[in-house]
Amino acid sequence: MSALAFYVYPLPQGTPFTSDDLSVSDNVERLFDYMQILLAVVSKEGWDFLIQKYGYEELFEINNRSGWIDCETIEEFVEALKYEKEISPERV
């Protein structure tokens, strides 16, 4: 299975997140926690998977538990996610 997201630890190989991993919302919350401290990245394909699997509303709820992106409304969050996807690498 190919990685959709990647966490830099443990060194040197890091931790890949596959679709199976990201199908568990607690893992997505943990990934957002890592992203908040700039230790993880989601690929464009990973964002497509997350948006299709959870939708923006559930991702917004997961984000609120994590505290990754500081957004008051779902509209702000959707715009922030669009930006994140735009700057994401094709592959991780």
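In this report, we go over the structure that sits alongside the text. These numbers were taken from a predicted model, which means no experiment stands behind them.

Spatial strand order, 2-1-3: 3 strands in an open sheet with antiparallel pairing. Edge positions in the open sheet fall to strand 2 (15–17) and strand 3 (40–42), since each of these has one partner strand only. Along the sheet, successive strands turn relative to each other by an average axial angle of 15 degrees, direction set aside. The pairing of strand 1 (residues 5–7) with strand 2 spans 3 bridges and is antiparallel. The residue bridging Phe-6 from the neighbouring strand is Pro-16, located in strand 2. This element, helix 2 (residues 25–36), spans strand 1, strand 2 and strand 3 of the sheet and lies at about 120 degrees to strand 3.

With that settled, the discussion passes to the packing of aromatic side chains. Summed over all chains, the structure comprises 6 aromatic pairs. With a centroid separation of 6.2 Å and 35 degrees between ring planes, the pair formed by Phe-32 and Trp-47 is classed as tilted. Pair noted here: Phe-32 is in helix 2 and Trp-47 is in helix 3 (residues 44–66), with a separation of 15 residues, a long-range link. Aromatic pair Trp-47 and Trp-68: ring centres 5.9 Å apart, planes at 10 degrees, arrangement stacked. One end of the pair, Trp-47, is in helix 3; the other, Trp-68, is in the loop between helix 3 and helix 4 (74–87), with 21 residues separating them in the sequence. The cationic tip of Lys-53 hangs over the ring face of Tyr-54; the distance from NZ or CZ to the ring centre is 6.0 Å.

Let us now look at the side chain of Ser-43. With respect to the helices and strands, Ser-43 occurs in the loop between strand 3 and helix 3. For Ser-43, a relative accessible area of 1% corresponds to the buried category. Residues in contact with Ser-43, not counting those within four places in the same chain, are Leu-4, Ser-88, Pro-89, Glu-90, Arg-91 and Val-92.

Moving on, we come to helix 4. Relative to the 20 Å expected for 14 residues at 1.5 Å per residue, helix 4 spans 20 Å between its end C-alpha atoms, a close match to the ideal helical length. Here helix 4 has its buried residues at Phe-77, Val-78, Ala-80 and Leu-81. Angular distribution of buried residues about the axis of helix 4 spans 165 degrees; they occupy a single face of the element. Turned more than 90 degrees away from the buried face of helix 4, the exposed residues are Glu-75 and Glu-86. Turning to helix 4, the residues buried within the fold contact helix 3.

All right, on to the environment of Lys-44 then. Position of Lys-44 among the secondary structure elements: in helix 3. Taking the C-alpha atoms as reference points, Lys-44 and Ser-88, 44 residues apart in sequence, are found 5.6 Å from one another. Excluding residues that lie within four positions of it along the chain, Lys-44 makes contacts with Lys-85, Glu-86, Ile-87, Ser-88, Pro-89 and Glu-90. At a separation of 2.9 Å, a polar atom in the side chain of Lys-44 contacts the main-chain carbonyl oxygen of Glu-86.

Quick notes on the rules
Throughout this description, residue numbers start from 1 for each chain and increase along the sequence as written. Totals for whole chains, interfaces and linings use all residues, but because this is a predicted model, local features are given only for residues with pLDDT of at least 70 and pairs of side-chain atoms are given and counted only at 80 or more. Derived side-chain values reflect all non-hydrogen atoms in the structure, with water molecules and hydrogen atoms excluded from consideration. Note on pairing: DSSP must find at least two bridges between two strands before they are called paired. Strands here mean DSSP runs of E at least two residues long; helices mean DSSP runs of H or I at least four residues long; both are numbered from the N terminus. Here an angle of 0 to 180 degrees is reported between the N-to-C directions of two axes, which are lines fitted to C-alpha atoms, with helices fitted over the stretch in contact. Two residues qualify as a contact provided that any one of their heavy atoms is within 4.5 Å of a heavy atom in the partner residue. Paired rings are identified among Phe, Tyr and Trp, the last through its six-membered ring, by centres lying within 6.5 Å, and are further divided according to the angle between planes into stacked (under 30 degrees), edge-to-face (over 60) and tilted (the rest). Whether a charge lies above a ring is judged from NZ of Lys or CZ of Arg, which has to be within 6 Å of the ring centre and within 35 degrees of the ring normal. Summary of the burial criterion: residues with accessible area below 20% of their type's maximum are buried, those above 50% are exposed, and those between are partly exposed, where the area comes from a 1.4 Å probe applied to protein chains only. One less than the residue count of a helix, multiplied by 1.5 Å, gives the span that helix is expected to have. This arc is taken over the directions from the axis of the helix to the C-beta atoms. Between N or O atoms, a polar contact is any pair within 3.5 Å; within protein, one atom must be a potential hydrogen donor and the other a potential acceptor, and residues adjacent in sequence are included only when both atoms are from side chains.

Treat this as a map of the structure, not an account of what it does.
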